[in-house]
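So the chains spell out like this:
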Amino acid sequence: MSYLSVNNIEVIYDHVILVLKGVSLQVPQGKIVALLGANGAGKSTTLKTISTLLRGERGDVTKGEVQFKGERIDQLTPNELVKRGLSQVMEGRHCFGHLTIEENLLTGAYTRSLARSELKDALDKVYHYFPRLRERRNSQAGYTSGGEQQMCAIGRALMAKPSMILLDEPSMGIAPQIVEEIFGIVKDLNAKENVSFLLAEQNTNVALRYADFGYILENGRVVMEGAASELANNEDVKEFYLGMSGAGRKSFRDMKFYRRRKRWLA
Amino acid sequence: MFYREAGQFKTSYEADGQILPIRQDRIALLTTLAIALLVLPMVASPYMLSAIFIPFLIFSLAALGLNILTGYAGQLSLGTAAFMAVGAFASYNFVLRIPGLPLLLAFVLGGLCAAMVGMAFGLPSLRIRGFYLAASTLATQFFVVWCLTKIGWLTNYSSSGVITAQKMEILGYAFDTPARKYLLVLAVVALMALLAKNMIRSNVGRSWMAVRDMDVAAEVIGIRLMRTKLLAFAVSSFYCGVAGALYAYAYLGTVEPEAYNLDLSFRILFMIIIGGVGSILGSFLGAAFIVLLPVFLNILAHGLALPTTVASNLELMVFGALIIFFLIVEPHGLARLWQIGKEKLRLWPFPH
Amino acid sequence: MQMNEPSAISAGRKVGDVILDLRNISLSFGGVKALTNISFDVREHEIRAIIGPNGAGKSSMLNVINGVYRPQQGEIIYRGQHRKNMDCYAAAKSGIARTFQNIALFKGMTVLDNIMTGRNLKMQSNFLLQALYWGPARREEIAHRRKCEEVIDFLEIQHIRKTPVGRLPYGLQKRVELGRALAAEPQILLLDEPMAGMNVEEKQDMCRFILDVNEQFGTTIVLIEHDMGVVMDISDRVVVLDYGKKIGDGTPDEVRTNQDVIDAYLGVAH
Amino acid sequence: QPGDQFVALPSYRVGPYAAGGSGFYGGIIDYFNLVNANGGVNGVKISWEECETEYNPSRGVECYERLKTKNGGATVVEPLSTGIAYGILDRIPQDKIPMTTLGYGRSDAANGKVFPYVFPLISNYWSQAAGMIKYLGDKSGGMDKLKGKKIVHLYHDSAFGKEPLPVLEAMSSQYGFELVKIPVAPPGSEQQSQWLQIRQAKPDYVILWGWGVMNSVAIKTAQRNGFPRDKMLGVWWAGSEEDTVPSGDAAKGYTSMTFNTPGNYPLLDELRKKVYAGGKGNLADQTRIGSVYHMRGLTAGVMYVEAMRTAQDKFGKGKPVSGEQLRWGLENLNIDEARQKVLGVHNMFPTVKTSCEDHEGSGAVKVQQWDGKAWKAITPNWVVGDKVLLRKLVDESSGKYAAEKKITPACLK
Amino acid sequence: MDMTFFAEVLIGGLLSGVMYALVAIGFVLIYKASGVFNFAQGAMVFFAALTTVGFMDKFGLSLWLAIPATVLAMIILGLAIERVVLRPLVNQPEITLFMATIGLAFFIEGLAQLIWGSQVHKLDIPIEDVPSEYLMEKFNIVISKFDLTAAAICGVMVAALALMFAKTKVGRALRAVADDHQAAQAVGIPLQRIWGILWAVAGMVALVAGLLWGARNGVQFALTFIALKALPVLILGGFTSVPGAIVGGLIIGASEKLAEVYIGPLVGGGIEGWFPYVLALLFLLVRPEGLFGEKIIRRI
Ligand SMILES: Nc1ncnc2c1ncn2[C@@H]1O[C@H](COP(=O)(O)OP(=O)(O)OP(=O)(O)O)[C@@H](O)[C@H]1O
Ligand SMILES: Nc1ncnc2c1ncn2[C@@H]1O[C@H](COP(=O)(O)OP(=O)(O)OP(=O)(O)O)[C@@H](O)[C@H]1O
Ligand SMILES: [Mg+2]
Ligand SMILES: [Mg+2]
């Protein structure tokens with residue numbers, strides 16, 4: 001049975017802009033699922049639909065439903081979702097600028113009532129993953145660097161101890177070493193604590209390396225799905241998402257001429 | 001079906017830069033203008049002209065002025081009425097003290113005085129932002145009204161601080177009936193709206209919007225904050241000043257400084273928020289909403305034959321509730337609602 | 001510099017003399033030392049990359065170059081002129097344009113308007129003429145519009161010309177931001193993570209734009225990027241920062257093999 | 001309905017001045033209802049329509065414009081707001097609708113040659129100021145005793161508060177008392193500094209020229225600073241229950257001007273019997289019958305009805321008169337004591353006799369004192385200030401207005 | 001210069017300032033916790049005071065019963081506001097929310113008068129508004145006991161709220177909400193519940209202000225205007241600082257009185273209307289976020 005399932009959702013922004021045109025996807029329990037796609041394909045919108053944060057952006061779900069642990073969740077509030085174990089890391093960081101890094105992390109634990117020592121443990125765990133945050137713990141998040149904010153956002157979501165995390169572009173603006181670390185953490189949580197992940201990622205390379213399963217979204221439709229390894233070996237994915245051609249990786253310098261992009265759907 | 005731009009191709013940047021790129025819109029605007037100019041003065045009752053259309057146009061102009069400052073340049077202001085007062089009292093003094101000064105020139109001079117006051121009070125905007133600035137602009141509001149009550153010269157030492165606007169005459173032609181006053185106001189407002197639109201679509205307007213949307217980034221691309229903000233204050237106050245002068249000359253006739261009180265400032269702010277912040281059309285829609293709704297509610301309440309006290313309070317409540325309702329339906333104002341309507345129309349008969 | 005040159009590859013790009021020289025720059029915020037005693041230079045027509053772990057001070061470095069931050073110490077020599085610091089306006093005026101890590105587009109404006117603001121320094125006519133939209137003002141507006149359309153064509157964003165940027169997906173916004181910087185016809189272009197949040201194909205597009213700008217117009221480019229593939233492929237020289245200190249400087253190959261760099265940043269050799 | 005005498009009532013029943021507005025307009029309407037219940041004015045029923053102005057000039061103008069053509073045309077209008085009165089000042093002569101401004105508005109409008117359509121009936125600000133000084137003089141034991149006294153003019157810092165200054169200043173130099181002017185920034189919800197200044201100045205009297213919340217705050221703050229309330233003398237806009245009730249006990253002993261004598265009158269009894277008993281009363285709260293604002297409204301009603309009667313006498317009994325004709329009626333009012341007795345309002349307001357030169361018609365005022373529960377008149381007779389001085393000021397000021405507006409002063413027929 | 005008089009003006013000003021602060025706190029509370037500039041605060045003060053008096057006059061309740069009844073009314077009002085106005089407007093720009101509170105102000109004003117009528121009332125609370133004899137004899141200074149009590153109440157309220165924001169989980173959550181509604185929701189902060197509580201608390205703060213101001217000036221519509229006195233206090237102290245409200249109040253109160261007394265006569269008086277604003281403005285030029293406000297983060 002799938003842990004999270006999205007069934008044929010359709011989303012319209014501002015009453016007129018149709019963004020998702022019937023997207024369905026499943027996340028089985030304890031798996032990592034990657035959601036891939038070009039800019040504007042609708043990845044973030046899909047995630048926001050699941051976490052019901054769409055309402056604040058004047059987006060409407062006009063069709064379809066979302067189920068989590070076998071229950072419909074599209075009418076719940078984000079708070080209830082977090083309590084049920086579904087957390088989202090939003091695209092574009094969204095740290096609380098006036099709160100310090102540590103306060104930011106603490107708000108992450110809002111839904112859990114923890115004793116002081118437990119809180120400290122939770123914090124330590126995040127600091128363990130992101131030592132850089134420990135150093136900057138007392139600075140206002142608004143004044144930290146882009147990458148630090150990204151780490152803070154991820155750390156904040158971990159504080160809720162979710163059983164399912166929606167990650168929107170976790171690698172954006174993160175140094176390569178840390179990217180690997182973040183995905184390491186994902187794998188770690190997945191393996192040790194059985195946390196499921198749905199991650200929207202542009203860094204297809206890394207994403208497919210760590211994910212079990214992948215969906216490719218284009219223009220608001222799922223155009224391809226399959227096991228991660230399968231996708232990674234698909235010729236089209238290789239060419240368009242991994243930047244490989246027949247003879248290994250191509251240099252970015254050689255990409256000078258306009259190529260016609262292959263579209264799966266007209 | 002009929003509202004499509006399909007088949008209308010632009011062959012020059014000039015054509016593309018037109019105020020209304022879609023032909024149907026152009027036709028609609030011209031028709032509206034023609035009706036306003038030719039038909040209304042003939043058919044509308046004096047009541048409609050002098051109690052609805054004239055104040056509507058004047059408030060639209062003031063709202064336009066505030067929209068330039070708040071909607072386009074992003075500086076929230078609660079001092080609109082003060083700038084209007086400066087425009088009115090300055091125009092009055094110009095006409096009074098310079099015999100033979102053409103009335104329209106007096107309005108322009110009044111507007112310029114307002115612009116200067118606006119710039120002076122706009123200076124703090126270089127450092128202060130958002131609600132802090134808004135609250136500070138109240139200083140303008142109270143200070144200007146205070147000056148007008150204190151400095152006798154400004155009101156020609158009238159014992160009660162009241163000024164009576166002189167008769168309106170341009171080139172010997174007296175604007176004394178509601179229809180004539182209406183036409184004068186319409187001409188001024190239409191012209192100034194056109195100028196505003198031009199500013200908005202050229203470099204000044206873009207600089208304002210850039211400063212509004214992200215002033216740090218605007219600075220980095222070479223927009224000078226001080227100049228841009230002060231210009232916005234000046235232009236906005238100019239518009240408000242002219243509106244204030246019209247308010248005195250074409251609408252109230254006799255005014256005391258108190259007529260330009262905080263309440264008026266707020267009403268104009270409501271207009272732009274309800275109508276649409278950062279939209280010229282919105283200034284007009286908002287003014288219409290705020291001018292007409294209470295009248296409408298009042299008439300409605302009378303129709304229901306409620307006890308007057310109850311009716312008046314209900315009116316106030318419904319007015320408040322409707323503001324909230326419209327904000328919930330469309331936080332970006334009536335202008336946006338209008339635009340969405342048009343977008344839907346363009347897609348029609350398909351829903352998306 | 002002409003935008004409408006045929007897009008043939010220019011015969012060979014020559015890296016020229018030092019155009020921007022940063023000497024002993026130090027910058028701190030309260031207790032945080034963002035930059036400590038950093039020196040490096042940028043030569044004309046080259047692509048210079050700045051890399052380093054998160055919070056190393058890369059963005060701060062760009063902010064120093066174009067005058068958003070004022071360093072406590074150090075000197076900037078730009079085209080032979082010494083300055084303690086730049087101010088934003090002067091920097092823009094002297095041909096430094098940039099993009100930002102957190103997109104700093106004007107959200108309420110259309111793509112075209114955003115790009116047009118990039119040309120604001122080149123617009124001369126006063127606002128009264130603009131209000132009348134008449135004569136020189138109108139001609140000027142149209143001339144600049146033409147230039148901006150070239151930028152739009154170049155970046156292949158014709159279809160979204162009239163869309164408010166707030167509604168665009170992230171990747172396109174980055175592209176528009178580049179367009180705004182390009183519209184200023186800069187001498188030096190500072191790019192802060194232009195390819196963050198893009199997939200490979202889009203990165204390829206972006207690289208192509210950057211290289212084209214560099215080659216066709218000879219624009220000097222300073223680039224911050226976390227994707228090593230991109231950095232190694234397209235930059236001429238790389239400077240590496242870590243905790244506000246410079247730990248490496250040289251060609252991509254030199255940097256790639258520098259042990260300090262590997263330890264602090266790359267993790268594994270790329 | 002056609003055949004009625006239609007009156008426009010641009011009233012306000014919400015907002016800061018709602019309490020006054022509902023009392024005043026309630027009074028007018030009550031009186032009209034009573035007159036109608038008694039068969040109308042020579043059989044002509046009075047009809048009216050209210051329109052909420054919120055005390056806002058621009059809404060007031062809209063109301064005026066809306067009401068003026070209703071029911072065959074309004075024949076008199078009373079906005080009870082200076083701002084609105086100014087807003088329609090230019091319109092009424094054109095529309096030929098007289099406007100009354102009972103106790104407010106331009107004092108110089110008393111000159112009917114310049115302001116043919118404006119009627120500041122009974123008493124205006126200048127008459128009031130002169131009456132105040134007269135009263136204070138009498139209280140001190142004669143006008144000559146005012147010499148060397150100190151009087152504070154504590155005023156609402158607006159056109160309203162400055163209106164009496166010409167009179168007060170003239171009288172100050174005439175009688176040799178010291179006039180200390182202390183303004184209060186509107187709305188006046190804080191007056192600590194003013195009252196400290198007053199305490200410092202140790203005046204003999206304080207004239208309170210206030211409006212709205214400023215009045216109750218002044219009384220409260222006077223108490224807080226230990227200034228005796230009976231040495232305070234308010235204007236009539238500071239002399240209603242609405243001004244004293246919120247101050248509670250602090251208001252005991254406070255005095256103010258009025259142009260109505262507080263008390264009960266046959267008219268009020270008749271009202272209770274014929275209007276309120278039938279549930280047609282306009283006041284929600286019957287205890288407000290006979291309150292200051294209500295009585296002021298009744299007075300206005302009496303004025304209108306008497307003017308209608310007078311006009312009908314001239315232009316034909318038993319049919320409604322036009323605005324123009326009613327103007328004539330207002331200009332030729334003569335309500336003497338005998339007439340007052342007939343109407344059951346003897347001594348409720350001073351006798352009124354208007355003419356083209358004198359649209360005020362009286363200029364007499366009274367002083368009343370708050371005993372903690374109700375107002376009591378403390379001057380047995382009507383007080384009249386220096387008429388000669390007032391006439392001079394009115395002529396000067398209205399002359400200036402006429403010159404500015406290029407009006408040739410003349411009486412209308 | 002007469003020193004006693006000076007002291008009197010100064011102290012009188014400080015105490016008036018406390019009264020301003022009382023209203024300003026209501027604004028700070030909502031702004032700090034949701035980024036909403038609550039224009040309806042004045043209307044809520046009016047509503048609270050009028051409701052208390054209404055319960056006393058119309059239902060004959062004693063003050064001690066009327067207050068809890070009003071507390072209940074304020075809670076209902078607060079929850080209703082959250083449900084009807086704020087919930088649908090989550091994540092909207094500040095100015096939209098600001099405008100919504102303006103609509104709310106109209107609504108509440110109309111509602112209050114519809115229910116309780118537009119009459120003015122007095123409100124007797126058992127604190128005497130007469131000069132304290134002790135201080136009068138000892139220092140020859142006239143200070144009202146009432147003002148001293150008000151100052152004490154205000155102090156307690158400020159301390160409680162400041163602690164709440166700084167130390168508790170809810171306080172932290174509220175600050176987070178003010179920064180970013182959407183992100184706050186994403187981390188599971190129950191925006192709706194929290195806002196409901198918040199507005200209910202703001203309603204109670206309004207009640208305290210309403211009781212004290214109502215007792216001082218009478219319960220009348222003009223209570224809504226005291227917001228105008230609170231605004232300069234607010235910008236001077238900083239929109240986001242509870243202690244700022246009281247410090248701002250003291251500064252504004254004292255300086256406006258001193259200015260009125262010592263500068264006023266030179267320029268014709270009546271400067272209290274604008275002086276506090278100009279003063280606050282000058283402060284802002286030095287510190288654009290007010291004395292204690294959170295620094296406005298402007299980074300690119
Ligand atoms: N608030 C909004 N209003 C209108 N349109 C929107 C809004 N948010 C997103 N869109 C549109 O919806 C489409 C999908 O956007 P979404 O952010 O989901 O894409 P994405 O796949 O996450 O892209 P990226 O990789 O750039 O983050 C885009 O075309 C975008 O323009
Ligand atoms: N305005 C500021 N105030 C306080 N601290 C700042 C400010 N700007 C930057 N910093 C600090 O300086 C350090 C360097 O920041 P910078 O943004 O330059 O990093 P970066 O190298 O761009 O990192 P990233 O790759 O994560 O974007 C960070 O620790 C940051 O917190
Ligand atoms: Mg996305
Ligand atoms: Mg950076």
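The numbers attached to residues start from 1 for each chain and follow its sequence in the written order. All chains are assigned letters beginning at A, and all ligands numbers beginning at 1, according to the order in which they are written. Reporting of local features is limited, given that this is a predicted model, to residues whose pLDDT is at least 70; pairs of side-chain atoms are given and counted only at 80 or more, and all residues count toward the totals for whole chains, interfaces and linings. Calculated side-chain values reflect all of the structure's heavy atoms, with hydrogen atoms and water omitted.

In the nomenclature of an unreviewed UniProt entry, chain A is known as ATP-binding cassette domain-containing protein of Pseudoduganella guangdongensis. UniProt positions are given in the numbering used here, feature names are shortened, and annotations may be inferred rather than shown by experiment. Listed in UniProt under the heading Sequence similarities (unreviewed entry), the comment for chain A reads: "Belongs to the ABC transporter superfamily."

Strands here are runs of E lasting at least two residues and helices are runs of H or I lasting at least four, both read from the DSSP assignment and numbered beginning at the N terminus. Across its full length, chain A holds 10 helices and 12 strands. The size measure is the radius of gyration over C-alpha atoms, and the globule rule it meets is 2.2 Å times the number of residues to the 0.38 power. Computed over C-alpha atoms, the radius of gyration of chain A comes to 19 Å, within 12% of the 18 Å expected from 2.2 N^0.38 for 266 residues, which places it in the range of a compact globule. Each principal axis of the C-alpha distribution contributes one length, and for chain A these read about 55 × 45 × 35 Å. Relative accessibility decides the category of a residue: with a 1.4 Å probe and only protein chains considered, values under 20% of the type maximum give buried, values over 50% give exposed, and everything between is partly exposed. In chain A, which comprises 266 residues, the proportion classed as buried is 61%. Carbon and sulfur atoms make up 47% of the accessible area of chain A, which amounts to about 10300 Å² in all. Separation between the mean location of the 36 positive side-chain charges and that of the 31 negative ones in chain A comes to 3 Å. Computed by Shrake-Rupley with a 1.4 Å probe, the accessible areas treat only the displayed protein chains as cover when residues are assessed. Positive charges come from Lys and Arg alone, negative charges from Asp and Glu alone, with His and the N- and C-terminal ends not counted. For this purpose, a charge sits on NZ of Lys, CZ of Arg, CG of Asp or CD of Glu.

Donor atoms are limited to N, O and S found within 2.8 Å of the metal ion, a distance that becomes 3.2 Å for Na, K and Ca. With water left out, some sites might look partial. Coordination of the magnesium ion (ligand 3) by the protein comes from S44 of chain A (OG) and E91 of chain A (OE), over a distance range of 1.8 to 2.4 Å. With S44 of chain A in helix α1 (residues 43–50) and E91 of chain A in the loop between β6 (86–89) and α3 (101–108), this residue pair connects regions lying 47 residues apart in the sequence.

A separate point is the site of ligand 2. Taken together, 22 residues lie around ligand 2, and R136 and G147 of chain A together with K58, S59 and S60 of chain C are the ones closest in. Each residue is tested against the molecule or strand, and it is near if at least one of its non-hydrogen atoms lies within 4 Å. Mapping the residues near ligand 2 onto chains gives chains A, C and E. Under this definition, polar contacts are N or O atom pairs within 3.5 Å; protein pairs additionally need one hydrogen-donor-capable and one acceptor-capable atom, and for neighbouring residues in sequence, both atoms have to be side-chain atoms. One nitrogen or oxygen atom from the side chain of R132 of chain A is found 3.3 Å from an oxygen atom belonging to ligand 2. Measuring from an oxygen atom of ligand 2, one finds a side-chain N or O atom of S145 of chain A at 2.7 Å. Starting from 630 Å² of accessible surface for ligand 2 in isolation, the protein chains cover 95%. Where the shell around ligand 2 is concerned, the elements lending two or more residues are α6 (146–158) of chain A together with α1 (58–65) of chain C.

Our focus in this paragraph is the site of ligand 1. Among the 20 residues in the neighbourhood of ligand 1, the closest are listed as S44, T45, E91 and Q202 of chain A together with R167 of chain C. In the model, an oxygen atom of ligand 1 is placed 2.5 Å from a nitrogen or oxygen of the E91 of chain A side chain. For ligand 1, an oxygen atom lies 3.2 Å from a polar atom in the side chain of E169 of chain A. Protein burial of ligand 1: of its 630 Å² of free accessible surface, 85% is covered by the chains. Of all the elements in the fold, those that place two or more residues in the shell around ligand 1 are β2 (17–28) and α1 of chain A together with α6 (170–183) of chain C. No other element matches α1 of chain A, which puts 3 residues into the shell around ligand 1. Gly is placed with the polar residues, together with every amino acid not listed as nonpolar (Ala, Val, Leu, Ile, Met, Phe, Trp, Tyr, Cys and Pro) or charged (Asp, Glu, Lys and Arg). In the shell around ligand 1, the residues fall into 8 nonpolar, 7 polar and 5 charged.

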